[in-house]
Structures are given as C-alpha cells and as structure tokens.
Amino acid sequence: MLIRITKIFDLLKNNKKNLLNPHKVRVKLFSIFSFSITLFLLFFNIVSSQDSPVENFRFREPNLLESDAFSMIGDSRTQYIFQLGANSDWDSQYFLGELRGECSSNKTTIQNLGIGGSTTRDWIYIFEKEILKLEEISNRVVLMLGGNDAIRLSNKLKNKNDSATVDEELEEIHSRLKLIIQTLLDKGKEVIVQTHFLASPRKKSPSNKIIEKYLIGLNQRIIRDYSENKVEKVSVAIIEPKFPSIFFLDNAHLNQLGFKAHAHYLNLELKKRCWW
C-alpha cells in the first residue's frame, strides 16, 4: 500500500493536472485505504474466529427485517462482499440487487448471516444452543458451508490421504451439513444449498490441491442428495467451480467481478424458486 501511495504523490509532483484536481487524488487515496482496512478486517475475523468460542462469533446482520427476501448462512465467502475496495452486501445494485424481479414483491433486502471462519460444527452448535434462534431467520435460507471444514480436514489428515479415509471424513462433514438442513426444514424453512467454488488458480500449492479435492467431493455429495427435488423444499444452486484469477481478491475470496459472477449463478436458482 505504501508503494502505491508513493506513486500517487510522485504523480502530484510531476503532473499539473493532478495538482489542479486534488479531488481525484483524495478519491484514490480513500479507495486504497478502504481496500486495505477491509482486507485487514477479513483476515482478522477469519483468524480470530478459528480460535474463538462460537459464542464470540459476530453475525453480520442478526436482526431479520420485514424487507428481507431470504437469509444467507455461510462463512467468510458469504459474510464479506467487496465492491470497489469497500464492504458491500448481496442486495447491492451491483450484485443481486440489479437482478431482483417480480418474485421478490416488496422484499428488497437480504439478511447476511455469514460468519468468517465458521464450520458445520459451529452452526450445529449455534442452533442447538440458540445463539441465533431459528425464529430470527427468514423462512427462506441460502446456505454455503463446508469450506472451512475442508481446510481443517487437510490439516488433520496431512499426508494420510488414502481414498477410504478421505471418503469417510467427507461423509462426516456432509452429514453435519445435512443435519443443519434438516434442522431448518423442521422449522418450516425452505433451503437452497450452494456448491463450492475452488480457490484462485494462482494458488497452486500441494495443500491447496488437496483442499480442492475435498471441495469437489463435498459438491458431489450436495448434488447427489439435493438436486432434482430429491428432498422437498431443498434445491441446489450450482456455482461455477473454477473462476479465473482476475475474479479473486485473495486466494480464497472473490473481488467485485467475482461476486458479480457468483450472484449470477445463485440468481439462476433464486429465479427457479421464485425467491427474488
């Protein structure tokens, strides 16, 4: 960031147009500053959440509004929506906001319940202990969970990646996801489960390839159990698994272009269900 700011001041010294238009410089500086702060908060929330009790997790929007068309449950990929270096939200006019149709009626907002660093175990605990009551969630829920479970599984197994062990562990993660879905269904909720997209192509480490393998396995299980109306009131939003590197803010999280693409794929299922 310091290098980029230095470049701006160099332009100030050498470019009279910039000297005559300091507003442009202030806008550029603010954009860089807000992007840096947002990235720091993202990193801090993910790291602190992984080591904190579930009770200390921060829900982004714990209060359900009358204007909320549905609720979104997930981890940092749900919680943080980036637009021009600032934290935005799913109902922004640049993302799902511009795709809103007649089905949403007078519902113009979306409850964002993403928690950076959260896992399926965390959400089971949240519901069991009523840290977030199910009555405080919309009757329509979009869900994306299991990404952090895959990361922790890679740390747990390390070099023990025989197919039998991996399959058993993935089934356990998926069974927890199924329990969360069933908990929502038992309270009269309808659910759209999103598949996972993989990390940025820029990240090609051996551990990342293992995590990608796990995410693909989780996607296969989601599609196996919930596609084609296999379970009443549950369907699958298939998200493009391989976004190009220009769609990523970092190795795991999308930037403005990426979220716009993500919103497009999610909206296909939202329109089928007439939620938005």
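Everything that follows concerns the structure shown earlier in this document.
Parameters and conventions
Residues numbered from 1 in each chain as written. Predicted model: local features only at pLDDT ≥ 70, side-chain atom pairs only at ≥ 80, totals over all residues. Heavy atoms only, no water. Pairing = 2+ DSSP bridges. Helix = DSSP H or I, 4+ residues; strand = E, 2+ residues; numbered from the N terminus. Axes fitted to C-alpha atoms, helices over the stretch in contact; angles between N-to-C directions. Core = buried A, V, L, I, M, F, W, Y, C linked by side-chain atoms within 4.5 Å. Buried < 20%, exposed > 50% of the residue type's maximum accessible area, 1.4 Å probe, protein only. Contact = heavy atoms within 4.5 Å. Disulfide = S-S within 2.5 Å.

**Here we look at the sheet that holds strand β5 (residues 140-144)**
Within the open sheet, the five strands sit side by side as β4-β1-β5-β6-β7. Their pairing is parallel. The open sheet has two edge strands with one neighbour each: β4 (109-114) and β7 (234-237). For this sheet, the mean angle separating the axes of adjacent strands, direction not counted, is 25 degrees. Sheet analysis places β5 next to strand β6 (residues 190-194), joined by four bridges and oriented parallel. For V142, the partnering residue across the bridge sits in β6 and is I192.

**Here we look at the nonpolar core**
Core analysis: the largest hydrophobic core is formed by 28 residues, its most contacted members being F70, L96, V142, F243, L266 and L270. Of all the secondary structure elements, the ones that give two or more residues to this core are β1 (68-74), β2 (81-83), β5 and α9 (256-273). The dominant element in this core, judged by the number of residues it contributes, is α9, at five residues. With residues near it in sequence (within four places) discarded, V142 still touches F70, S71, M72, I73, I192, Q194, L266, L270 and W275. Grouped together as the second largest cluster of nonpolar side chains are 26 residues, F59, W123, I181 and V234 included.

**Brief notes about the state of the cysteines**
On inspection of all chains with the given rule, the structure shows one disulfide. The partner cysteine of C103 in its disulfide is C274, sulfur to sulfur 1.9 Å. Between C103 and C274 the sulfur-sulfur dihedral comes to about -90 degrees; the bridge is accordingly left-handed. Here C274 lies in the segment after α9 and C103 lies in the loop between β3 (86-88) and β4, a separation of 171 residues in the sequence.

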